[in-house]
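Here is what each chain is made of, one letter per residue.
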2 protein chains.
Amino acid sequence: MEHDFHKWLRDHSSLNKPNEGVLVGIGDDGAIIPGSRADTVITTDTIAEGTHFDTSVHSLELIGRKALAVNLSDIAAMGASPTHAVLTLLLPHHFSLAEAQQLCSGMFELAAEHGVTIVGGDTNRWSGKLVVGATLMGQRPTSLSGWLINAAETSDRVIVSGSFGGSLQGHHLSFEPRIKLANYLAGRYEIHAATDASDSLSLDLQLLARASKVGVDLIAEKIPISDALKTAAAQTQLDGALYDGEDFELILTMPADVFEQIKADPGVPCQLTDIGKITPPQQGLRISDSQGAFKALIPRGYVH
Amino acid sequence: MEHDFHKWLRDHSSLNKPNEGVLVGIGDDGAIIPGSRADTVITTDTIAEGTHFDTSVHSLELIGRKALAVNLSDIAAMGASPTHAVLTLLLPHHFSLAEAQQLCSGMFELAAEHGVTIVGGDTNRWSGKLVVGATLMGQRPTSLSGWLINAAETSDRVIVSGSFGGSLQGHHLSFEPRIKLANYLAGRYEIHAATDASDSLSLDLQLLARASKVGVDLIAEKIPISDALKTAAAQTQLDGALYDGEDFELILTMPADVFEQIKADPGVPCQLTDIGKITPPQQGLRISDSQGAFKALIPRGYVH
């Protein structure tokens, strides 16, 4: 089956090969990507059975999709456009050819949707549990500034895409990486810091605050709550949004007037919400309570 | 320990950051590598406990080293110079900080030796076995031709670096990836096909022959035998050289007169041996027997 699977992989990943000119793709020791005047963004993320998914519950297509989607989310958080990927598969011995194909189909479909060319990879059978990884490259105009985790400025607004919480009820597998949003905003608006909420809104805000050497004030009732939590009690909703993790929404900081312009722009492809502001570093991470007073926010997230 | 390990990783991989200008490195969602007029070569390889190494026998430094070395070998086989890497680590829960550091030290040392900047990665703890992977990028002059697995031409000589066989006696962990050789030859000589012998000399020759649509005639007694097998019986030596695998030597094809020039060049950094020639495709893969007659060579390799 190894040979059949490799042949299938070659055939199907070449389907994803548009005309942007991979010089050498799958089948050689490495892929060759032509030189370019844009900067290359590179990110890698691997998901593993029992930690990031459960094959007894989740479909192989969605598991494959997630492996690529988490990488796309990182590329979006860099203000970049995804271009090329290499895959890593550690398949348990009991995996059938059909199962390996299902896994890859989920990746290939999402790759095609975002114009990602899969240029290589490494597949192994082993006695361990399923591991699916990808390294994703993207292009970022050399002229683009900001879109870095350390680029928040005091008095920036904190803007998030989508909604938060309850991702374990399915969203952590089926989320839409915010590539379209990033590509729409990156060329048009002055974005300072950017990251994606992978660990949790509170943990990733803390990473952003530390990297940028700033504080953050969140307004609790402004945090957009996912539909999965809409029927829960208010405190459960807020805790879920702050701590559940794996929302894969973008967290952006920008001047208030930039966000006013974005709000008035009908071309913005998804919901954006102002949830607070960047403050001086000594204030740390805070959140308003129901009376509107700020208290320290202790970050935590989903422990895989 | 997670936090301590990440801090240590950041501190130590920045040691590997020379001045070629990574715009953004570890700590953000992705790394940014400046645009370049050279082509980018990308390769990925992952090694796993029980399949590619055994932590009860092999040191963690050597395991880490191997994870990067197998990728360097692929970059060499593309005639490229390695530049940047991202790492993937799946660490068993019982791993200590010191063990994680040992693993990475082996990678970092080899990275520094070859001028590779580690620009990011993904580390996870999990309930499975140790997995260590890397995606490695390199630069290849846009003007370089050949150095592809499908570029062999009929009547080329088949040239290999180093020696073959017995790699399980230690060489599969400590081998020297042939970066220096590749970089020396790539600018100076007309090389047609190139690949590295990772699965086995016979299997990788078969891949090269299939990709190039050619046959190969090997002269059995010319195949260089590794020191590990020098005391074995003649047939054991030959079988080891053809089938053991994980030698990670380069297999190159080139016109006979090019190899004559290379043999006379004192700058070539390692032993090169002419082991046969490229033939028309219908002849397939053959090897000379002790009487000098050719018989079909059935490729096989080490099954992990």
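Residues numbered from 1 in each chain as written. Chains lettered and ligands numbered in written order. Predicted model: local features only at pLDDT ≥ 70, side-chain atom pairs only at ≥ 80, totals over all residues.

### Focus on the overall build of chain A
Scanning chain A from terminus to terminus reveals 8 helices and 12 strands. Counting only residues that meet the buried cut, chain A has 54% of its 304 residues in that class. A sequence separation of at least 24 residues applies to 87% of the contacts in chain A between residues at least 6 apart. (Helix = DSSP H or I, 4+ residues; strand = E, 2+ residues; numbered from the N terminus. Buried ≥ 20, exposed ≤ 12 C-beta atoms within 10 Å, placed from the backbone. Contact = placed C-beta atoms within 7 Å.)

### Here's the deal with the pairing of strand β2 (residues 39-48) of chain A
Residue and element names in this part refer to chain A. Burial analysis of β2 places 10 of its 10 residues in the buried class, which makes it a mostly covered element. Burial along β2 is two-sided: Asp 39, Val 41, Thr 43, Asp 45 and Ile 47 and Thr 40, Ile 42, Thr 44, Thr 46 and Ala 48, pointing in opposite directions, are all buried. Inspection of the sheet shows β2 paired to strand β5 (residues 131-140) by 10 bridges, in the antiparallel sense. Residue pairing in the sheet places Ile 42 in a bridge with Met 137 of β5. (Pairing = 2+ DSSP bridges.)

### A few points about the relation of the copies chain A and chain B
Rotating chain A by 180° and translating it 0.0 Å along the rotation axis places it on chain B, where the RMSD comes to 0.0 Å. Expressed as an axis order, the relation between the two copies is that of a two-fold axis. Minimal C-alpha separation from the rotation axis in chain A is found for Ser36(A), amounting to 2.9 Å. The overlap is high: 100% of the interface residues of chain A also sit at the interface in chain B, so the same surface is used on both sides. (Least-squares fit on C-alpha atoms with pLDDT ≥ 70 in both.)

### Digging into the domain arrangement of chain A
Residues and elements named next belong to chain A. Under the domain assignment used here, chain A contains domain 1 (2-140) and domain 2 (157-296). Contact residues are listed per partner, giving 16 residues for domain 1 and 17 residues for domain 2. Contributing elements (two or more residues each) for the side of domain 1 that touches domain 2: α2 (60-77) and β3 (81-92). At 10 residues, the largest contribution of residues to the side of domain 1 that touches domain 2 is made by α2. The residue inventory of the side of domain 1 that touches domain 2, partitioned by class, reads 9 nonpolar, 5 polar and 2 charged. (Domains from an automatic or database assignment. Nonpolar A, V, L, I, M, F, W, Y, C, P; charged D, E, K, R; others polar.)

### Looking at unusual backbone geometry
Located in the positive-phi region is Phe248(A), a residue other than glycine, with phi close to 55°. Structurally, Phe248(A) is set in the loop between α7 (234-243) and β9 (250-254).

### Remarks on the interface of chain A and chain B
Across the contact, 51 residues belong to chain A and 51 residues belong to chain B. Listing elements by their share of the side of chain A that touches chain B, those giving two or more residues are β1 (31-33), β2, α2, β3, β4 (117-126), β5 and β7 (194-196) of chain A. With 9 residues, β2(A) is the largest single contributor of residues to the side of chain A that touches chain B. Looking at side-chain class alone, the side of chain A that touches chain B contains 21 nonpolar, 20 polar and 10 charged residues.

### Structural notes on the confidence of the model for chain A
Residues and elements named next belong to chain A. For chain A, mean pLDDT is 90; residues scoring 70 or higher make up 89% of the total. Low pLDDT (under 50) marks residues 14-20, which in the prediction has 12 contacts with non-local residues, meaning those over four places away or in another chain. For this predicted complex, the interface score ipTM comes out at 0.87, while the overall pTM is 0.90. (pLDDT = per-residue confidence, 0-100.)

### Concerning the sheet that holds β9(A)
All names here are of chain A. With respect to topology, 7 strands assemble into an open sheet ordered β7-β9-β6-β10-β8-β11-β12, the strand pairing being mixed. Each edge of the sheet is formed by a strand with only one pairing partner; in this case those strands are β7 and β12 (294-296). Neighbouring strand axes in the sheet, compared pairwise and without regard to direction, differ in orientation by 30° on average. Pairing of strand β11 (residues 285-288) with β12 involves 3 bridges; the strand directions are antiparallel. Within β12, the residue paired with Ser 288 across the bridge is Phe 294. Contacting β7 and β9, α2 crosses the sheet at an angle of about 170° to β7. (Axes fitted to C-alpha atoms, helices over the stretch in contact; angles between N-to-C directions.)

### Some remarks on the sheet that holds strand β6 (residues 157-161) of chain B
Residue and element names in this part refer to chain B. Taking strand neighbours across the sheet as the criterion, the 7 strands line up as β7-β9-β6-β10-β8-β11-β12 in an open arrangement whose pairing is mixed. Strand pairing shows two members of the sheet lacking a second neighbour, β7 (194-196) and β12 (294-296), which therefore form its edges. Within the sheet, the average angular offset between the axes of one strand and its neighbour, ignoring direction, is 30°. Where β7 meets strand β9 (residues 250-254), 3 bridges bridge the pair, whose relative direction is antiparallel. Each residue of the ladder has a partner; that of Thr 195, found in β9, is Ile 251.

### Some words on the packing of helix α2 (residues 60-77) of chain B against helix α5 (residues 179-188) of chain B
All names here are of chain B. One can describe the packing of α2 onto α5 by two numbers: an axis separation of 8 Å at closest approach and a directional angle of 15°. In terms of axis orientation, α2 runs roughly parallel to α5. The handedness of the crossing between α2 and α5 comes out as left-handed. Contact residues: Leu 72, Ile 75 and Ala 76 in α2; Ile 179, Leu 181 and Ala 182 in α5. A per-class count over the contact of α2 with α5 returns 6 nonpolar, no polar and no charged. (Parallel < 35°, antiparallel > 145°, perpendicular 65-115°, else oblique. Left-handed = near helix turned anticlockwise from the far one by under 90°.)

### Brief notes about helix α8 (residues 256-263) of chain B
All names here are of chain B. Those residues of α8 not exposed but buried are Val 258, Phe 259 and Ile 262. Each buried residue of α8 sits inside an arc of 95° when the element is viewed along its axis, so together they form one side. Exposed and facing more than 90 degrees away from the buried side of α8 are Ala 256, Asp 257, Glu 260 and Lys 263. Packed against the buried residues of α8 are β6, β9 and β10 (272-279). (Arc of directions from axis to C-beta.)

### Let's talk about α2(B)
Between its first and last C-alpha atoms α2(B) spans 26 Å; for 18 residues at 1.5 Å apiece the expected length is 26 Å, and the two agree. Burial analysis of α2(B) places 16 of its 18 residues in the buried class, which makes it a mostly covered element. (Expected span 1.5 Å × (residues − 1).)

### So, the packing of α2(A) against helix α3 (residues 97-113) of chain A
Helix-helix packing is characterised by the crossing angle of the two axes and by the distance between the axes. Residue and element names in this part refer to chain A. α3 packs onto α2 with a crossing angle of 45° between their chain directions and a minimal axis gap of 7 Å. The angle between the axes of α2 and α3 places the two elements in the oblique class. By crossing handedness, the relation of α2 to α3 is classed as right-handed. Here Leu 60, Glu 61, Leu 62, Ile 63, Gly 64, Arg 65, Ala 67, Leu 68 and Ala 69 of α2 come into contact with α3, specifically with Glu 99, Gln 102, Leu 103, Cys 104, Ser 105, Gly 106, Met 107, Leu 110 and Ala 111. Along the lines of polarity and charge, the residues of the contact of α2 with α3 split into 11 nonpolar, 4 polar and 3 charged.

### A few points about the environment of Ile191(B)
Its place among the elements puts Ile191(B) in the loop between α5 and β7. When sequence neighbours within four positions are dropped, the list of residues in contact with Ile191(B) reads Gly79(B), Gly146(B), Trp147(B), Leu185(B), Leu252(B) and Met254(B).

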